[in-house]
Amino acid sequence: MPKTSARVALLFVAGYTAAALASATTLVVGDDRGWTMGVDYVAWVRGKTFKVGDKLVFNYPGTEHTVTEVGKNDYFACAGGDALSNDRSGSTNVTLAGPGTRYFICDIPGHCTIGMRLAVTVAGGEPPPVASSTSAAAASAPAAQHTMGAIVAAAAGVMIKLTLS
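On a predicted model such as this, the values are computed, not experimentally measured, just so you know.

Caption draft 1: Structural context of the overall build of the protein. Scanning the protein for helices and strands turns up five helices and seven strands. Starting at the N terminus and ending at the C terminus, the protein contains elements arranged as α-β-α-β-β-α-β-β-β-β-α-α. When burial is assessed residue by residue, the protein has 36% of its 165 residues classed as buried.

Caption draft 2: The state of the cysteines, seen in detail. For the structure shown, the criterion picks out one disulfide. Each disulfide pairs two cysteine sulfurs, and for Cys-78 the partner residue is Cys-112, the sulfurs being separated by 2.1 Å. Classification of the bridge connecting Cys-78 and Cys-112 rests on its S-S torsion, roughly -70 degrees, and on that basis the disulfide is left-handed. Pair noted here: Cys-78 is in the loop between helix H3 (72–77) and strand E4 (85–87) and Cys-112 is in the loop between strand E6 (100–105) and strand E7 (117–122), with a separation of 34 residues, a long-range link.

Caption draft 3: Spotlight on the sheet that holds strand E5 (residues 91–95). If you walk across this open sheet you meet the three strands as E1-E2-E5, and the pairing is mixed. The sheet is open, and its two borders are formed by strand E1 (26–28) and E5, each paired with just one other strand. Within the sheet, the average angular offset between the axes of one strand and its neighbour, ignoring direction, is 20 degrees.

Caption draft 4: Local environment of the pairing of strand E3 (residues 67–70). Burial of E3 is two-sided: the residues Val-67 and Glu-69 facing one way and the residues Thr-68 and Val-70 facing the other way are all buried. Where E3 and E4 come together, three bridges link them in antiparallel fashion. Residue pairing across strands places Glu-69 opposite Ser-85, the latter belonging to E4.

Caption draft 5: Broad picture of the packing of aromatic side chains. Counted by the stated rule, this structure contains six aromatic pairs. Ring geometry for Trp-44 and Phe-50: centres 6.2 Å apart, planes at 45 degrees, overall tilted. Of the two residues, Trp-44 and Phe-50, neither departs from the other in class, the shared state being buried. Taking 5.3 Å as the distance between ring centres and 55 degrees as the angle between the ring planes, the aromatic pair formed by Phe-58 and Phe-104 counts as tilted. Residue Phe-58 is located in strand E2 (residues 55–59), and its partner Phe-104 is located in strand E6; the two are separated by 46 residues in the primary sequence. With respect to class, Phe-58 is no different from Phe-104; both count as buried. Counting every residue linked through ring pairs, the aromatic cluster contains Trp-35, Tyr-41, Phe-58 and Phe-104. One residue, Lys-48, lies across the ring of Trp-44, its end atom 4.5 Å from the ring centre. The ring of Tyr-75 has Arg-117 sitting right over it, with the charged end atom 5.2 Å from the ring centre.

Rules used throughout
- Residues numbered from 1 in each chain as written.
- Predicted model: local features only at pLDDT ≥ 70, side-chain atom pairs only at ≥ 80, totals over all residues.
- Heavy atoms only, no water.
- Helix = DSSP H or I, 4+ residues; strand = E, 2+ residues; numbered from the N terminus.
- Buried < 20%, exposed > 50% of the residue type's maximum accessible area, 1.4 Å probe, protein only.
- Disulfide = S-S within 2.5 Å.
- Pairing = 2+ DSSP bridges.
- Axes fitted to C-alpha atoms, helices over the stretch in contact; angles between N-to-C directions.
- Phe/Tyr/Trp six-rings, centres within 6.5 Å; stacked < 30°, edge-to-face > 60°.
- Lys NZ or Arg CZ within 6 Å of the ring centre and 35° of its normal.

As structure tokens, this is what we get:
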């Protein structure tokens, strides 16, 4: 009997995990305007809930902009020298793999400082910071990247396989 109830519990957890991952949303950064100058990305984020598994799509002219993922300090300093990733393909897709805040800037000189930067907090993380000229000095070390979504999905797959064995 205990073995059967354990299998049912494992199937329930695996089903819940699969449903959570299946409900991922694709969000086009900046909506119709895309990733460009003149968009208020703080306003764009407001009211949105970002979940593990969601995908951000950055659409932009690759010759004019970059999507550069940086740490918290570099976000406030508008500095891409220690970038976690950098793309200028014109269409950048970023899957939000775990909870926490992710920071993106355009690393073309002057673009970030006039507002071309984005901070998104994936459910389970801290609220996104508000950019200001005095925030750079107060910024702390970049948050660690989490891969909880991938770990949970892999664990669910293993549990299903064990349950069916």
